[in-house]
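# Commentary on secondary and tertiary structure
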Amino acid sequence: MATSEGRTETSGQRDHSGQNPARKQDNGAGCLKCGDNCPGLQLHEWRNCCTQCKCRREDHDVFSRDVTTLFEKLQISQDTPVAKGYAWVSPGISSIDKLEEYMNALPDDRVPRIGTPGERARQRNLVLQLPLQDFDEAFCGSELTDAERRDFKLFRQKRDYQSYGMGTVQESIERDMKCHKCEGTIPEGSIAVFTSHTGPDVCWHPGCFCCSTCQILLVDLLYFYRSSSIYCGRHYGESLHPRCYGCDELIFAGEYTRDMSKQQWHATHFNCFNCNNSLTGHRYVNRDTNHYCLKCYEKLFAFPCELCGQKIGTDVKDLSFNNKHWHEQCFNCSKCKKSLVDQQFTQKTDKIYCAQCHKETFLGKCDGCSQHFDPGDKKMEYQGKNWHEKCFTCKECKKPVGTKSFIAKDDKVICQPCYEDKYAKKCEKCRKVISMGGITYKDTPWHKECFVCTHCKKPMSGERFTSKDNNPYCINCYGDLFAKKCAKCTKPITGLGGTKFISFENSNWHSDCFNCTGCKTSLVGKGFTNEGGRILCPDCTNQEAQVKGH
């Protein structure tokens, strides 16, 4: 544990520019926000920001510089061996397996593996959680009074002797324990973090060892203990003293200023961000977390009026719309010149109009009632004409059609219910509207699913069929119920599709089946004899006669 006696205090003497030389160690660091637009950090005399780009110090690449200085101040050895590519490993971890177990217990973006966002997060948190100005007056931009210097020293001694510590990793706890932060169980044999301030009965998951205020993982297990809680260095200091937003230093003076956003300031630092004149007792404007006197704000940020071109000062209302700005007295209709303050208005071609002038100038008339459309009216468009929603009505029932389906008939609009009731085709069977498809049979419409065989009820759309007594039948049912049967094959003779058949003495044959029983020759168009139901050609008849003669 570090102590004040063991540290080397950097001289607080200032150079000819009024700065502590130690504060200049960061100058030239690139800005992580502005990139090449910032030539490099030039730290303000006392503000925690760059005079070049106005970004805060921690927005610059100051991390590598601060890490070395921090470790020197805290008397922490930087000789810890880097294992398996990590930028930092906890003391007390004895094996690679336990190291991996510890690292796997951390959030992914906090694992300090070299060349990863986790390493960068560690460097940044070293700077944010352990601000150098809380450890040595040499890094303060403000020159402390004797009383402030004494209080600062007492603060450091109390912190270093009583509160500062480094968490220790126990590789295998001997019993189930409860995590002090999440209250979840840490099983026996698991890795856990302990502190000397809380004793052997209080521990944390490695990923739960966080500052009680910011809830961010405590970097390198460095903590500060106060009132049964652990803190990072920054928030430990702020639990005892306010921190000036301007210089990012703790305030040890008895008096300080609190602004409208409840940020705290040294009384001597509550100044205009541009001209540095004191704002105490004066009106000011807050912009991007910085304060400006009225004169500087108007010079830097006031917008010109769209009508008169003059800047809009802080003592008058700035009326804005679509990134354009007007004086209150200039915010008038471009046509009738009436004030538009607290009135409905519309912007058109970079000009603003009251509702009436915009309606008369730009909005058309309804083809139903011949009245102008109002801004925001729902406009119904059809065949190049426009209607109010209430005027776009059905020819038959006179009700508004709105966005419902409709049918055009003789250039008139008819709602779907009226059209179906008065004009649409209806199925001969179910009497419902045929909205699409359908078939026609004997000049009457049918749904495809309703046009079925009278006997078997099978749908006949797209199928061959015939009728009997004005009723439709499928081919199979018609043949079974009504057709003559072939004397040879016994199948129905339907006569459909041009099929020919032969009839003789109450017997019928398909033309393909009307063959000689003896030689199988087709007898269509030829002479034949009927011998006991057997039809024979003349040759076969003679042959049978000769056989019988013998």
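Note that the structure is predicted; figures quoted are calculated from it, not measured. Counting of residues starts from 1 at the beginning of each chain's written sequence and follows it residue by residue. Local features are withheld for residues below a pLDDT of 70 in this predicted model, meaning they are given only at 70 or higher, and side-chain atom pairs are given and counted only at 80 or more; totals for whole chains, interfaces and linings count all residues. Hydrogens and water are ignored here; the side-chain numbers use all heavy atoms of the structure.

Glancing now at the overall build of the protein chain. Summing up its helical and strand segments, the protein chain has 10 helices and 29 strands in all. Within the protein chain, buried positions represent 40% of all 550 residues. For the protein chain, the accessible area works out to roughly 31300 Å², and carbon and sulfur atoms hold 46% of it. Numbered from the N terminus, helices here are DSSP runs of H or I no shorter than four residues, and strands are runs of E no shorter than two. Classification of residues uses two cut-offs on accessible area relative to the type maximum, computed with a 1.4 Å probe and protein chains only: under 20% is buried, over 50% is exposed, and between them is partly exposed. Per-residue and other accessible areas were derived by the Shrake-Rupley procedure at a 1.4 Å probe size, with only the shown protein chains allowed to occlude residues.

With 46 residues, the main nonpolar core has Tyr 102, Met 103, Leu 130, Val 169, Phe 209, Leu 218 and Leu 221 as its most contacted residues. Mapped onto this core, the elements with two or more residues apiece are helix H2 (96-104), helix H4 (146-163), strand E5 (192-194), strand E6 (222-226) and strand E7 (229-231). The criterion used for residue contact is that any of the two residues' heavy atoms lie within 4.5 Å. Look past the residues within four positions of Leu 221 in its chain and what remains in contact with it is Trp 88, Ser 90, Tyr 102, Gly 165, Met 166, Gly 167, Val 169, Val 193 and Phe 209. What is meant by a nonpolar core is a set of buried Ala, Val, Leu, Ile, Met, Phe, Trp, Tyr and Cys residues, joined one to another through side-chain atoms within 4.5 Å. Core analysis: the second largest hydrophobic core is formed by 18 residues, Cys 49, Cys 244, Tyr 292 and Phe 301 among them.

Turning to H2, a few remarks are in order. Lys 98, Leu 99, Tyr 102 and Met 103 are the residues of H2 that are buried. Buried residues of H2, viewed axially, fall in a sector of 135°; they line one side. Structural note: H2 exposes Asp 97 and Asn 104 on the side pointing more than 90 degrees away from its buried face. The inward-facing, buried residues of H2 abut strand E2 (168-170) and E5. Here the arc refers to the set of directions running from the helix axis out to each C-beta atom.

What follows covers unusual backbone geometry. For Asn 276, which is not glycine, the phi dihedral falls at a positive 70°. Positive phi values are uncommon outside glycine, yet Lys 337 reaches one of about 70°. Locating Lys 337 in the fold gives a position in the loop between strand E13 (324-327) and strand E14 (345-348). Residue classification places Lys 337 among the exposed positions, given a relative accessible area of 56%.

Here we come to H4. What a helix should span is 1.5 Å times the count of its residues minus one. Look at H4: 25 Å from first C-alpha to last across 18 residues, which is about the 26 Å you get at 1.5 Å a residue. Every buried residue of H4 is listed here: Glu 148, Phe 152, Phe 155, Arg 156, Arg 159, Asp 160 and Ser 163. End-on, the buried residues of H4 take up no more than an arc of 120°, which puts them together on one face. As for H4, its buried residues are in contact with strand E1 (164-166), E6 and helix H5 (233-238).

Let us now look at the sheet that holds E7. Read across the open sheet, the three strands follow the order E1-E6-E7; overall the sheet is antiparallel. Looking at the sheet topology across the chains shown, the edges are occupied by E1 and E7. Strand-to-strand, the axes of this sheet are offset by a mean angle of 45°, without reference to chain direction. Between any two strands, at least two bridges found by DSSP are needed for them to pair. The sheet contact formed by E1 and E6 spans three bridges and is antiparallel. Bridge assignment links Gly 165 to a residue of E6, and that residue is Tyr 223. The strands that H4 touches are E1 and E6; relative to E1, the one it contacts most, it runs at about 40°. Axis definition: a line fitted to C-alpha atoms, over the contacting stretch in the case of helices. Angles run 0 to 180 degrees between N-to-C directions.

On to the pattern of salt bridges. Within this document, salt bridges are pairs made up of a side-chain nitrogen of Lys or Arg and a carboxyl oxygen of Asp or Glu, the two lying within 4 Å of each other. Applying the stated criterion across every chain yields a total of 15 salt bridges. Residues Asp 61 and Arg 120 are paired through a salt bridge, measuring 3.0 Å at the closest nitrogen-oxygen approach. Taken together, the residues span a long stretch of sequence, with Asp 61 in the segment before helix H1 (63-74) and Arg 120 in helix H3 (residues 117-129) at a distance of 59 residues. By relative accessible area, which is 28% here, Asp 61 ends up partly exposed. With a shortest N-O distance of 3.1 Å, Asp 201 and Arg 175 are connected by a salt bridge.

When pLDDT drops low, the exact placement of atoms in the prediction is not to be read closely. Put simply, the protein chain has an average pLDDT of 83, and 90% of its residues get 70 or more. Confidence of the predictor at the level of single residues is captured by pLDDT, which takes values from 0 to 100. In this model residues 1-11 is a low-confidence stretch, pLDDT under 50, and it forms 34 contacts with partners more than four residues away in sequence or in other chains.

A few words now on the environment of Ala 408. As for its position among the elements, Ala 408 is in strand E18 (residues 406-409). Considering only alpha carbons, one finds Ala 408 and Tyr 419, 11 residues apart in sequence, at a separation of 9.3 Å.

We now examine the side chain of Glu 249. Looking at the element boundaries, Glu 249 is found in the loop between H5 and strand E8 (256-258). Polar side-chain contacts of Glu 249 include one of 2.5 Å to the backbone nitrogen of Gly 141. Counting of polar contacts relies on pairs of N or O atoms within 3.5 Å, with two restrictions inside protein: one atom must be capable of donating a hydrogen and the other of accepting it, and residues adjacent in sequence are counted only when both atoms are side-chain atoms.

A few words on the side chain of Glu 148. Relative to the helices and strands, Glu 148 is located in helix H4. One buried charged residue, Glu 148, remains without a salt bridge, the closest side chain of opposite sign being Arg 149 at 7.6 Å. Only 3.0 Å separates the side chain of Glu 148 from the backbone nitrogen of Thr 145, close enough to count as a polar contact. Charge convention: Lys and Arg are scored as positive, Asp and Glu as negative, and His as well as the terminal groups of each chain are ignored.

The sheet contact formed by strand E10 (residues 284-287) and strand E11 (residues 290-293) spans four bridges and is antiparallel. Looking at E11, one finds that Tyr 284 is bridged to Cys 293. Connecting E10 to the antiparallel partner E11 that follows it, the hairpin turn spans two residues, and Asp 288 within it adopts a positive phi of roughly 50°.

Before going further, it helps to spend a moment on a positive patch on the surface. Side chains of Lys 385, Lys 395, Lys 398, Lys 409 and Lys 412 sit close together on the surface and give a patch of like positive charge. Within the fold, Lys 395 resides in the loop between strand E17 (385-388) and E18. For Lys 395, a relative accessible area of 37% translates into the label partly exposed. Each patch is built from residues lacking any salt bridge and having more than 30% relative accessible area; the joining distance is 9 Å for like charges and 5 Å for nonpolar side chains (Val, Leu, Ile, Met, Phe, Trp, Tyr). Taken as the charge centre is NZ of Lys, CZ of Arg, CG of Asp or CD of Glu, depending on the residue.

Right, let's get into the environment of Gln 264. Secondary-structure assignment places Gln 264 in strand E9 (residues 264-266). Remark: the alpha-carbon pair of Gln 264 and Gly 246, spanning 18 residues in sequence, is separated by 8.5 Å. Beyond its immediate chain neighbours, meaning those up to four positions away, Gln 264 contacts Pro 242, Arg 243, Cys 244, Tyr 245, Ile 251, Tyr 256, Thr 257 and Arg 258.

Okay, the pairing of strand E22 (residues 465-468) next. Across four bridges, E22 lies against strand E23 (residues 471-474) in antiparallel orientation. Looking at E23, one finds that Phe 465 is bridged to Cys 474. The turn linking E22 back onto E23 is made up of two residues, and Asp 469 within it adopts a positive phi angle of 55°.

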